[in-house]
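Reading the structure
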Amino acid sequence: MVLEINNLSKKFGDDTVLDGISFSVNKGEIVCIRGKSGEGKTTLLRCINNLEVPDNGSIKINNLYLFKVEDGSVHRAAKTELQMIRQEIGLVFQGFNLFPHMTVMENLMEAPKFLKLPTKKINSRAFELLKQLELENKCNCYPFQLSGGQKQRVAIARACMLNPSILCFDEPTSALDESTGNQIFKIIRHLSTQGIAIIIVSHDNGFVDKIAQKVITLSEGKIIVGK
């Protein structure tokens, strides 16, 4: 099991956003999370990616605890384990969140450089991903010079730079036309065949029905449907 979430809860003030969420994701599995706006989907992704701290429960990634309850409170992984966990998970934001002042290549290299990985290895990985995603001729372009679909593919490449075992997508087709959405569908399917566990938050029911191997529906912070 790549990801295990147990009894996860999160409040913002008096508003309970997640209320005892539990599920797991296997290697290469595509899991889609859907529900109305405000049902906690993005908050769940943010907890999995260490961008929010839950109020209760645990998140375990490849047998390492990102969060767990000890002595009645939630504790984050220690620094050494946290760095290992961060390399195991990638997030493709809804708005892509590319650095506008950096070229495509610089966007891809930022996180590995921060982790002080060998430059030669970083360059090789970046070129490999850009070639796979048919972006090798966009290395020196800036985000404003790219189409929405190209930005999405750059964001996917950036999230894959550290060879994650889990890749999360927040509304991957929301800003794309049907043709580009189909292209993203094929890319996600290919990533799953490489053994990467995929977690997708989406309002696009047609896309979910086509791509999901497991569907989780959130309502009022709880899972109401899981198959």
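The present account deals with the structure reproduced in this document. From a predicted model like this one, the values you see are computed outputs, not experimental measurements.

Before going further, it helps to spend a moment on the side chain of threonine 173. Note that threonine 173 resides in the loop between strand S8 (166–170) and helix H6 (178–193). Once residues lying within four places of it in the same chain are set aside, the contact partners of threonine 173 are Gly181, Asp204 and Phe207.

Let us now look at the nonpolar core. Among the nonpolar cores identified, the biggest contains 40 residues, and Ile156, Phe169, Ile188, Leu191, Ile198 and Ile200 are the most heavily contacted of them. Elements that contribute at least two residues to this core include exactly strand S3 (30–34), helix H3 (104–114), helix H4 (119–132), helix H5 (148–160), S8, H6, strand S9 (197–201) and helix H7 (205–211). Among the elements that line this core, the one with the most residues is H5, at 6 residues. With sequence-adjacent residues up to four places away left out, isoleucine 156 is seen in contact with Val92, Leu133, Phe169, Ile184, Ile187 and Leu191. Membership of the second largest hydrophobic core comes to 33 residues, among which are Ile33, Leu44, Leu91 and Ile216.

All right, on to the packing of H5 against H6 then. Taken N-terminus to C-terminus, the directions of H5 and H6 make an angle of 15 degrees; their axes are 10 Å apart at the nearest point. For the element pair H5 / H6, the angle class is roughly parallel. Between H5 and H6 lies a crossing whose hand is right-handed. Across from Gly149, Gln152, Arg153, Ile156 and Cys160 in H5, the residues of H6 making contact are Thr180, Gln183, Ile184, Ile187 and Leu191. Counted by class, the contact of H5 with H6 contains 5 nonpolar, 4 polar and 1 charged residues.

Of all 5 residues making up S8, 5 are buried, and the element is well covered by its neighbours. Side chains Ile166, Cys168 and Asp170 project from S8 onto one buried face, and the interleaved Leu167 and Phe169 project onto a second face that is buried too. When strand S7 (residues 89–92) meets S8, the two strands line up parallel, connected through 4 bridges. Bridging from a neighbouring strand, leucine 91 pairs with cysteine 168 of S8.

Bringing the environment of asparagine 163 into the picture now. Assignment of secondary structure puts asparagine 163 in the loop between H5 and S8. In this structure, the C-alpha to C-alpha distance between asparagine 163 and leucine 130, residues 33 residues apart in sequence, is 14 Å.

By secondary structure assignment, the location of leucine 135 is in the loop between H4 and H5. The sequence separation of leucine 135 and alanine 157 amounts to 22 residues, and the corresponding C-alpha distance is 9.6 Å. If we skip the residues at most four places from it in the chain, leucine 135 touches Leu130, Gln150, Arg153 and Val154.

A separate point is the side chain of lysine 10. Tracing the chain through its elements places lysine 10 in strand S1 (residues 3–12). Lysine 10 gets classed as buried once you look at its relative accessible area, which sits at 9%. When sequence neighbours within four positions are dropped, the list of residues in contact with lysine 10 reads Asp15, Thr16, Val17, Leu18, Thr43, Glu52, Val53, Pro54 and Asp55.

Within the open sheet, the 5 strands sit side by side as S2-S1-S4-S5-S6. Their pairing is antiparallel. Either end of the sheet is taken by a strand with one partner, and the two such strands are strand S2 (15–25) and strand S6 (73–76). On average, each strand axis in the sheet is tilted by 20 degrees relative to the strand beside it, whichever way the strands run. Of the pairings in the sheet, the one linking S1 to strand S4 (residues 56–61) comprises 5 bridges and is antiparallel in character.

Attention now goes to the pattern of salt bridges. Counting across every chain of the model gives 8 salt bridges. For lysine 222, the salt bridge identified is with aspartate 19, shortest N-O distance 3.0 Å. A residue pair is termed long-range when its members are at least 10 positions apart, and lysine 222 in strand S11 (residues 222–226) and aspartate 19 in strand S2 qualify at 203 residues. For aspartate 19, a relative accessible area of 30% gives the class partly exposed. Taking the shortest distance from any N to any O, the salt bridge between arginine 34 and aspartate 209 comes out at 3.4 Å.

This part covers the packing of H3 against H5. Here H3 crosses H5 at 25 degrees, and the two axes come no closer than 8 Å. Accordingly, the angle class assigned to the pair H3 and H5 is roughly parallel. Once H3 is placed against H5, the crossing between them reads as right-handed. Taken together, the residues of H5 that come into contact with H3 (itself represented by Val104, Asn107 and Leu108) are Val154, Ala157 and Arg158. The class makeup of the residues in the contact of H3 with H5 is 4 nonpolar, 1 polar and 1 charged.

Rules behind the numbers
Residues numbered from 1 in each chain as written. Predicted model: local features only at pLDDT ≥ 70, side-chain atom pairs only at ≥ 80, totals over all residues. Heavy atoms only, no water. Helix = DSSP H or I, 4+ residues; strand = E, 2+ residues; numbered from the N terminus. Contact = heavy atoms within 4.5 Å. Core = buried A, V, L, I, M, F, W, Y, C linked by side-chain atoms within 4.5 Å. Buried < 20%, exposed > 50% of the residue type's maximum accessible area, 1.4 Å probe, protein only. Axes fitted to C-alpha atoms, helices over the stretch in contact; angles between N-to-C directions. Parallel < 35°, antiparallel > 145°, perpendicular 65-115°, else oblique. Left-handed = near helix turned anticlockwise from the far one by under 90°. Nonpolar A, V, L, I, M, F, W, Y, C, P; charged D, E, K, R; others polar. Pairing = 2+ DSSP bridges. Salt bridge = Lys/Arg side-chain N within 4 Å of Asp/Glu carboxyl O.

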